[in-house]
Amino acid sequence: EMVDTLWPISGSALTESGTPQNQALDWIAREDSANRPPFDSRFVQRYVLAVFYFSTGGDQWLDCFEGDQCSRGSHWLSGDDECA
């Protein structure tokens, strides 16, 4: 169901190993503690933000926001509401 929802957005990049889109799908399917179902309006929003994170090298970010150090997206890849 996740792939069906996200395919119109990312196409084949969704299933190509190592792409930011595939990394984001893997994160949202296996690690996202928010557990939003694909029909939830914020599911796609979270996915797109995760694609942004992975496509900009988020795992190498030293600061999540000014003055705050983070490790592996502790603020970006969290169960917190993305609008908070």
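See the structure shown above.
Reading guide: rules and limits
- Residues numbered from 1 in each chain as written.
- Predicted model: local features only at pLDDT ≥ 70, side-chain atom pairs only at ≥ 80, totals over all residues.
- Heavy atoms only, no water.
- Helix = DSSP H or I, 4+ residues; strand = E, 2+ residues; numbered from the N terminus.
- Buried < 20%, exposed > 50% of the residue type's maximum accessible area, 1.4 Å probe, protein only.
- Contact = heavy atoms within 4.5 Å.
- Phe/Tyr/Trp six-rings, centres within 6.5 Å; stacked < 30°, edge-to-face > 60°.
- Axes fitted to C-alpha atoms, helices over the stretch in contact; angles between N-to-C directions.
- Parallel < 35°, antiparallel > 145°, perpendicular 65-115°, else oblique.
- Left-handed = near helix turned anticlockwise from the far one by under 90°.
- Core = buried A, V, L, I, M, F, W, Y, C linked by side-chain atoms within 4.5 Å.
- Salt bridge = Lys/Arg side-chain N within 4 Å of Asp/Glu carboxyl O.

Draft legend 1. How the structure looks around the environment of Ala13. Along the polypeptide, Ala13 turns up in the loop between α1 (2-10) and α2 (20-30). Of the residues examined, Ala13 reaches a relative accessible area of 16% and is grouped as buried. Measuring from C-alpha to C-alpha, the distance between Ala13 and Gln23 comes to 9.9 Å, with 10 residues separating the pair along the chain. The residues touching Ala13, leaving out its near neighbours within four places in the chain, are Thr19, Gln21 and Asn22.

Draft legend 2. The arrangement of the packing of aromatic side chains in detail. Using the criterion set out here, one finds one aromatic pair in the structure. Between the aromatic rings of Tyr53 and Phe54, the centroid separation amounts to 5.1 Å while the plane-to-plane angle is 85 degrees, which identifies the pairing as edge-to-face. Accessibility assignment for this pair places Tyr53 and Phe54 in one class, buried.

Draft legend 3. Structural context of the packing of α2 against helix α3 (residues 41-55). Running from N to C, α2 and α3 point in directions that differ by 130 degrees, and their axes come no closer than 8 Å. Overall, the two elements α2 and α3 adopt an arrangement that is oblique. Like other packed secondary-structure pairs, α2 and α3 cross with a definite hand, here right-handed. Mapping the contact onto sequence places Pro20, Gln21, Gln23, Ala24, Leu25, Trp27 and Ile28 in α2 and Phe43, Arg46, Tyr47, Ala50, Val51, Phe54 and Ser55 in α3.

Draft legend 4. Spotlight on the nonpolar core. Of all hydrophobic cores here, the largest spans 13 residues; its most connected members are Tyr47 and Phe54. Among the elements of the structure, α2 and α3 are those that each provide at least two residues to this core. Here this core gets six residues from one element, more than from any other, and that element is α3.

Draft legend 5. Highlighting the pattern of salt bridges. Using the criterion set out here, one finds three salt bridges in the structure. Across the pair Asp32 and Arg46 runs a salt bridge, and its minimum N-O distance is 2.7 Å. On the criterion of sequence distance, the pair formed by Asp32 in the loop between α2 and α3 and Arg46 in helix α3 is long-range, its members being 14 residues apart. A relative accessible area of 4% means that Asp32 is categorised as buried. In this structure Arg46 comes out as buried when scored by relative accessible area, which is 4%.

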